[in-house]
Amino acid sequence: MDETKGLNKNATRMLTGFIMGTITMGCIMLGGVALLLLLALVIFFASKEYVKILEHKGFYPSLKIILLAGAILAGITFFERTDFVAGALTFCSFASFLWVLFKGRQPYIANVATTILGFVYCAYFPLQLQLLRDMHSAQYHDGLGFVVMMFTAVLLTDVGCYYAGTKFGKHKLAPVVSPNKTIEGSIGGIICAVLGAVLVGYVIGVQWYLSAIAGLLCTVFAQIGDLCESLIKRDAGVKDSGNSLPGHGGFLDRTDSFVFTIPVMYYFCKYFIFSNDIAEFVKGLF
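Presented here is a report on the structure given in the accompanying data block. (Residues numbered from 1 in each chain as written. Predicted model: local features only at pLDDT ≥ 70, side-chain atom pairs only at ≥ 80, totals over all residues. Heavy atoms only, no water.)

1. Concerning the pairing of strand 2 (residues 178-182)
Pairing geometry for strand 1 (residues 172-174) and strand 2, over two bridges, is antiparallel. Bridge pairing in strand 2 places Ala-174 opposite Ser-178. (Pairing = 2+ DSSP bridges. Helix = DSSP H or I, 4+ residues; strand = E, 2+ residues; numbered from the N terminus.)

2. Side note on helix 3 (residues 63-78)
In a regular helix each residue adds 1.5 Å, so 16 residues correspond to 22 Å; helix 3 covers 22 Å between its end C-alpha atoms and thus fits that length. Every buried residue belonging to helix 3 is among Ile-65, Ile-66, Ala-69, Gly-70, Leu-73, Ala-74, Ile-76 and Thr-77, and all of these are buried. Of the surrounding secondary structure, the elements contacted by the buried residues of helix 3 are helix 2 (32-57), helix 4 (85-103) and helix 5 (108-134). Residue Glu-80 follows helix 3 closely and has a positive phi angle near 55°. (Expected span 1.5 Å × (residues − 1). Buried < 20%, exposed > 50% of the residue type's maximum accessible area, 1.4 Å probe, protein only. Contact = heavy atoms within 4.5 Å.)

3. A few points about the nonpolar core
Residues Leu-129, Leu-132, Phe-146, Met-150, Met-265, Cys-269 and Ile-273 are the most contacted members of the largest nonpolar core, which totals 43 residues. When residues of this core are assigned to their parent elements, the largest contribution, eight residues, is made by helix 6 (residues 144-168). For Leu-132, the residues in contact, after removing those within four places along its chain, are Gly-143, Phe-146, Val-147, Met-150, Met-265, Tyr-266 and Cys-269. Core analysis: the second largest hydrophobic core is formed by 16 residues, Ala-46, Val-51, Ile-53 and Leu-54 among them. (Core = buried A, V, L, I, M, F, W, Y, C linked by side-chain atoms within 4.5 Å.)

4. Concerning the layout of surface pockets
Taken as a whole, the second largest pocket spans an internal volume of roughly 190 Å³. Mapped by element, the contributors of at least two residues to the lining of the second largest pocket are helix 5 and helix 10 (261-273). Considered class by class, the residues forming the lining of the second largest pocket number four nonpolar, three polar and four charged. (1 Å grid on protein atoms, 1.4 Å probe; cavity = no way out; pocket = protein on both sides within 12 Å on 5 of 7 lines; lining within 4 Å. Points joined across faces, edges and corners; volume = space filled by probe spheres on them. Nonpolar A, V, L, I, M, F, W, Y, C, P; charged D, E, K, R; others polar.)

5. Quick look at helix 4
Spanning 19 residues, helix 4 covers 26 Å between terminal C-alpha atoms, matching the ideal 27 Å at 1.5 Å per step. Taken together, the buried positions of helix 4 are occupied by Val-85, Ala-88, Cys-92, Ser-93, Ala-95, Ser-96 and Val-100. Along the long axis of helix 4, the arc covered by the buried residues comes to 155°, so they all point the same way. Structural note: helix 4 exposes Ala-86, Phe-94, Phe-97, Leu-101 and Phe-102 on the side pointing more than 90 degrees away from its buried face. Those residues of helix 4 hidden inside the fold are in contact with helix 3 and helix 5. One or two residues past the end of helix 4 sits Gly-104, with phi positive at roughly 65°. (Arc of directions from axis to C-beta.)

6. Section: the environment of Leu-127
Its place among the elements puts Leu-127 in helix 5. Separated by 111 residues in the primary sequence, Leu-127 and Val-238 place their C-alpha atoms 26 Å from one another. When residues no more than four places from it in sequence are discounted, the contact partners of Leu-127 are Leu-39, Ile-43, Gly-70, Leu-73, Ala-74 and Thr-77.

7. Regarding the packing of helix 7 (residues 183-204) against helix 8 (residues 208-236)
Two elements in contact, helix 7 and helix 8, have axes whose closest approach is 8 Å; the angle formed by their N-to-C orientations is 140°. Looking at the two axes, helix 7 sits oblique to helix 8. Taken as a pair, helix 7 and helix 8 cross one another with a handedness that is right-handed. Residue-level inspection shows Ser-186, Gly-189, Ile-190, Ala-193, Val-194, Ala-197, Val-198 and Gly-201 of helix 7 in contact with helix 8, the latter providing Trp-208, Ser-211, Ala-212, Gly-215, Leu-216, Thr-219 and Gln-223. For the contact of helix 7 with helix 8, the residue count by class is eight nonpolar, seven polar and no charged. (Axes fitted to C-alpha atoms, helices over the stretch in contact; angles between N-to-C directions. Parallel < 35°, antiparallel > 145°, perpendicular 65-115°, else oblique. Left-handed = near helix turned anticlockwise from the far one by under 90°.)

Laid out in structure tokens, this is it:
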């Protein structure tokens, strides 16, 4: 009976993963409105899960403010008006204070702080995928290849961590937050991710060392993102962020590895691959 349940659970997990992967890659390939709608869906459910987790801790961030901020930031990223980001974040931070001021619910400081963290963590970081996808230069038509590189690195991180950790894992990576993760598993994930990124880079015509750096950044921040989401859940005393995705938990559980990786990959591509802004800045200093 237990074996049957295990098989059913694995089958459900695989089916959900296949459907999620197909929809995600389809929206990424199409870009534009399709990708915006995908991000809006993820942000909506991830924000609800985030608020629910924090309420379990005794904090009450405003879901309405988080979703309002997400909508504003989505419009900014869709139309590539990054010059409005600072103003939008300032306005939404003011709104967080005003909501607590007039809502009048304890704990005041924590409610303001977790609301601001909510729209940065659940909305602004993931929305930079739109900026990465729409990036272009004389050498590269768009950022699609680099999005594929990032997804490849993150997925191979999971594969490498699992198999290396299962076979060689002895030393705990972060025993308090995630006792099952090991240093050996982490190294295995790094190796797989870097190799995968270099392979994708070869296909899209990126120098091997830039691809290796991108892969390294992706795998490191994918693992950090995973651990940070585990930290939030453990502090709140919950196991999964939700049950929206059969066999996978919630949206935050499935996207935690990408939350930090997306902005890191975006800024790396922006300043080191699609332009020479950093190099020119450094030259200007000397």
